[in-house]
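Examination of the molecular architecture
The lines below spell out each chain.
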There are 2 protein chains.
Amino acid sequence: MDKPNAITVFAPATVANVTCGFDVMGFAIDAPGDTLELKLTDSKEVRIVEITGDEGRLPLETERNTAGVAVQMYLEHLGIRQGVDIRLHKQMPLGSGLGSSAASAVGGVYAINKLMGEPLKVEELLPFALEGERAACGFAHADNAAASLMGGFILVRSYAPLDVVRIPVPENLYITVIHPDVEVPTKQARRLLKEQVPLRDAVTQWGNVGGLIAGLMSNDYGLIGRSMQDVIVEPLRSTLIPGFEQVRTAAMAAGALGFGISGSGPSQFTFSEGKATADQVAAAMEKEIQALGFTYQVYVSKVNAQGPVILPEEVRLT
Amino acid sequence: MDKPNAITVFAPATVANVTCGFDVMGFAIDAPGDTLELKLTDSKEVRIVEITGDEGRLPLETERNTAGVAVQMYLEHLGIRQGVDIRLHKQMPLGSGLGSSAASAVGGVYAINKLMGEPLKVEELLPFALEGERAACGFAHADNAAASLMGGFILVRSYAPLDVVRIPVPENLYITVIHPDVEVPTKQARRLLKEQVPLRDAVTQWGNVGGLIAGLMSNDYGLIGRSMQDVIVEPLRSTLIPGFEQVRTAAMAAGALGFGISGSGPSQFTFSEGKATADQVAAAMEKEIQALGFTYQVYVSKVNAQGPVILPEEVRLT
């Protein structure tokens, strides 16, 4: 079988942190996500030839683009000099807290690995995606990139060495994500964080981390909900998100198990038991966001178990 | 059936903290533990009439004794004026890091509840055991008391409100505990702790908490071992335990999955896969402790799933 010389992939958006799990938990959702077209060329260069959906805000220079860096690092690691043209179609807002830069990096490295005949396993691609994020953003959240790459719910047990664990989730767990059109730059959200935290709060946080993992693995929806508390990051970051408490109150009143910031925000997410509840929660959150006067996007899905997918010819973007 | 007017119970020792899970994780072991005899009397008073095995160090005043306070709080809660004579047989060293005060409180409240005809469920007894510990020690570790009372491996998801979750453990998980005869007073061990911890270390810790819970629940011995790391408390408390690093090195070389301080020490514990390995680990740890010149006690068991038990007449201590 001939290797294809072009491919289009979709890499899913992700919700990182997941309340108590700052920097260690994340999961993929079905939509939104980024679509990337990669085409092998004779040029020996990795080029970003087009970006759509970013309102002109993302850099076309390969070295400053998450997907460009990820693909380049991958090829350098394998010692391959190969020209690649990348078209990046952003299908989610930038600075949304939905792992936009991670999805682009993941899509890029997943696609180039397919084009090279899959010399590396999917989980071996994570370091290149992280390098992509680091080059573009100054730091890398493995919680976003690992979840987008591997699909499912992931725990980053350790960063050094990198140790990513996939956590099974209940069959009937549904996610509602709402993104109000307010930008919270990740760097600003990170600057709010304190370098030192009270031991007492850290203990509260890791009790909840243990509870959330246990709840997910034992299908205990009550425990999942009770564990979705963040006493360290949310009190600081929620101040950047207009109407955060109102939206939370509305979501919980509509039946959500728990509510939190997605990544560094402004997107907010909930877990619910069953799609009907997740839809009701979506409606309740929409109503609050509308009352606040923001436009928004809302998404309801299960945890996306699949990660990146190759898109068939007929649905490729051109 | 007549209610008995006397009962003897055994309450197991416990390993709290379990490396990364400071103040939120604990489990019971088969031995050692405390034995308590409770006898109903006409005196209307809760009295500690005898304590053995403590070398005269524990207070006989009811208000200063963990078992005495626990039994008294229980009776007050139920509005019962009932005389009780308690004989407390300490079968583990004090200040060992094996939850000695928790075992006495748990044994007391478990026994009085049996004598009263079990008006409360076992898990409802926890607050009285905690009051007992608090009165005697100035603070209460729910991780010790809950593990001794409920048996098994427990996660204290939250202290306020108290939310204790039982975590299933792999069938073939064995524990080795060694107690060198060096006293580390819990209060001194707690004074070493810092009120503030670096966020970076807290993130490392809760990644490991998530990993340990996930490893236990998925029978992933490798993940259990990798997660048994404590970057916050152990670096401080291990300085109070002579030869800590040598004992760790010997235990790990003998095949332990992971190694840590039991409670606030000086007891040290390991997890191993299989009894044969746990026995080898015990031998390796003993050799180091002997070389250090300490006497010691060593225990190998599974996680004790049972919690307190009523002892039959013939084995009751007199």
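Residues numbered from 1 in each chain as written. Chains lettered and ligands numbered in written order. Predicted model: local features only at pLDDT ≥ 70, side-chain atom pairs only at ≥ 80, totals over all residues. Heavy atoms only, no water.

This is how it is decided: UniProt positions are given in the numbering used here, feature names are shortened, and annotations may be inferred rather than shown by experiment.
Under an unreviewed UniProt entry, the name given to chain A is Homoserine kinase, and the source organism is Persicobacter psychrovividus. Regarding chain A, the relevant UniProt record gives this comment under Catalytic activity (unreviewed entry): "L-homoserine + ATP = O-phospho-L-homoserine + ADP + H(+)".

A short note on the packing of helix α1 (residues 66-78) of chain A against helix α3 (residues 126-137) of chain A
All names here are of chain A. This is how it is decided: In this description, a line fitted to the C-alpha atoms serves as the axis of each element, helices being fitted only across the stretch in contact, and the angle between N-to-C directions of two axes falls anywhere from 0 to 180 degrees. Working definition: helices are DSSP H or I runs of at least four residues, strands are E runs of at least two. Numbering for both runs from the N terminus. Comment on the angle field: the value is read as roughly parallel under 35 degrees, roughly antiparallel over 145, roughly perpendicular from 65 to 115, and oblique elsewhere. The hand of a helix crossing depends on one turn: near helix anticlockwise from the far one by less than a right angle means left-handed, and clockwise means right-handed. Working rule for contacts: check all heavy atoms of both residues, and any pair within 4.5 Å makes them a contact. For this classification, the nonpolar set comprises Ala, Val, Leu, Ile, Met, Phe, Trp, Tyr, Cys and Pro, the charged set comprises Asp, Glu, Lys and Arg, and every other residue, Gly included, is treated as polar.
The interhelical angle for the contact between α1 and α3, taken along N-to-C directions, is 135°, at an axis separation of 7 Å. Taken together, the axis directions place α1 and α3 in an arrangement best described as oblique. Regarding α1 and α3, the two cross each other, and that crossing is right-handed. The segment α1 lies against α3, with Thr66, Val69, Ala70, Met73, Tyr74 and His77 engaging Phe128, Ala129, Glu131, Gly132, Glu133, Ala135 and Ala136. Here the residues of the contact of α1 with α3 sort into 8 nonpolar, 3 polar and 2 charged.

Some points on helix α9 (residues 244-253) of chain B
All names here are of chain B. Heads up, the rule is: Relative accessibility under 20% of the residue-type maximum defines a buried residue, over 50% an exposed one, and the middle range a partly exposed one, all with a 1.4 Å probe and only protein chains included. In this context, the arc is that of the directions from the helix axis out to the C-beta atoms.
Listed in full, the buried residues belonging to α9 are Phe244, Val247, Arg248, Ala250 and Ala251. Along the long axis of α9, the arc covered by the buried residues comes to 165°, so they all point the same way. In α9, the exposed positions angled more than 90 degrees off the buried face are occupied by Thr249 and Ala253. Taken together, the buried residues of α9 touch α8 (234-237), β9 (258-261), β10 (268-273) and α10 (275-291). Directly beyond the C-terminal end of α9, a positive phi value near 110° is found at glycine 255.

So, the interface of chain A and chain B
The cut-off we apply is this: Values labelled buried area give the accessible surface lost by two parts on being combined, using a 1.4 Å probe and summing over both. The term salt bridge refers to a pairing of a side-chain nitrogen on Lys or Arg with a carboxyl oxygen on Asp or Glu at a separation within 4 Å. Any pair of nitrogen or oxygen atoms within 3.5 Å is treated as a polar contact; in protein, a donor-acceptor pairing is required on top of that, and neighbouring residues in sequence qualify only through side-chain atoms on both sides. Pairing between two strands requires that DSSP report at least two bridges joining them.
Each partner contributes to the interface: chain A provides 37 residues, whereas chain B provides 36 residues. Where chain A abuts chain B, roughly 2700 Å² becomes buried across the two surfaces, and 71% of that area is made up of carbon and sulfur atoms. When the buried area of chain A at its contact with chain B is split by residue, Arg157, Leu199 and Trp206 of chain A rank highest and sum to 29% of it. Viewed at the interface, chain B and chain A are joined by 2 salt bridges. Residues arginine 226 of chain B and aspartate 163 of chain A are paired through a salt bridge, measuring 2.6 Å at the closest nitrogen-oxygen approach. Along the contact surface separating chain A from chain B lie 11 residue pairs in polar contact (both at pLDDT 80 or more). Of all the elements, helix α6 (residues 199-217) of chain A adds the most residues to the side of chain A that touches chain B, at 14 residues. Of the residues in the side of chain A that touches chain B, the class split is 20 nonpolar, 11 polar and 6 charged. Pairing of strand β8 (residues 196-198) of chain A with strand β8 (residues 196-198) of chain B involves 3 bridges; the strand directions are antiparallel.

Quick look at the state of the cysteines
Note the threshold: Put simply, a disulfide is two cysteine sulfurs that come within 2.5 Å.
A complete count under the given rule lists 0 disulfides over all chains for this structure. Of all cysteine sulfurs in the structure, the one in cysteine 20 of chain B sits closest to cysteine 20 of chain A, which takes part in no disulfide; the separation is 14 Å. The class for cysteine 20 of chain B is buried, based on a relative accessible area of 0%.

Describing the relation of the copies chain A and chain B
Stated formally: To superpose the copies, least squares is applied to the C-alpha atoms of every residue with a pLDDT of at least 70 in both.
Laying chain A over chain B is done by rotating through 180° and shifting 0.0 Å along the axis; what remains is an RMSD of 0.0 Å. Interpreted geometrically, this transformation is the action of a two-fold axis. Both copies present the same face, since 97% of the interface residues in chain A are matched by interface residues at the equivalent positions in chain B.

Some thoughts on unusual backbone geometry
Geometrically, the link from glycine 265 of chain A to proline 266 of chain A is a cis peptide bond, its omega value of 5° lying close to zero. Tracing the chain through its elements places proline 266 of chain A in the loop between β9 (258-261) and β10 (268-273). Here threonine 19 of chain B, not a glycine, exhibits a phi torsion of approximately 65°, which is positive. The class of threonine 19 of chain B is buried, set by a relative accessible area of 3%. The residue lysine 44 of chain B is not glycine, and still its phi comes out positive at about 70°. Here lysine 44 of chain B is to be found in the loop between β2 (25-41) and β3 (46-52).

Remarks on the packing of aromatic side chains
All names here are of chain A. Worth spelling out the cut-off: We call Phe, Tyr and Trp rings a pair once their centres come within 6.5 Å, taking the six-membered ring for Trp, and we label the pair stacked below 30 degrees between planes, edge-to-face above 60, and tilted otherwise.
This structure, assessed with the given rule, holds 12 aromatic pairs over all chains. With a centroid separation of 5.7 Å and an interplanar angle of 80°, the aromatic rings of tyrosine 74 and phenylalanine 128 are classed as edge-to-face. Within this pair, whereas tyrosine 74 is found in helix α1, its partner phenylalanine 128 is found in helix α3, the two being separated by 54 residues in sequence. Each member of the pair, tyrosine 74 together with phenylalanine 128, is buried. Relative to phenylalanine 259, the ring of phenylalanine 244 lies with its centre 5.2 Å away and its plane at 55°, an arrangement referred to as tilted. You can see phenylalanine 244 sitting in helix α9 (residues 244-253) and its partner phenylalanine 259 sitting in strand β9, a full 15 residues away along the chain.

Overview of the pattern of salt bridges
For the structure shown, the criterion picks out 24 salt bridges over all chains. A salt bridge links glutamate 234 of chain B to arginine 248 of chain B; the nearest nitrogen and oxygen atoms lie 2.2 Å apart. Highlighted residues: glutamate 234 of chain B in helix α8 and arginine 248 of chain B in helix α9, separated in sequence by 14 residues. For the residue pair glutamate 234 of chain B and arginine 248 of chain B, the accessibility class agrees, reading buried in each case. Each of Arg157 and Asp163 of chain A together with Arg226 of chain B takes part in salt bridges that share partners, so that together they form one network.

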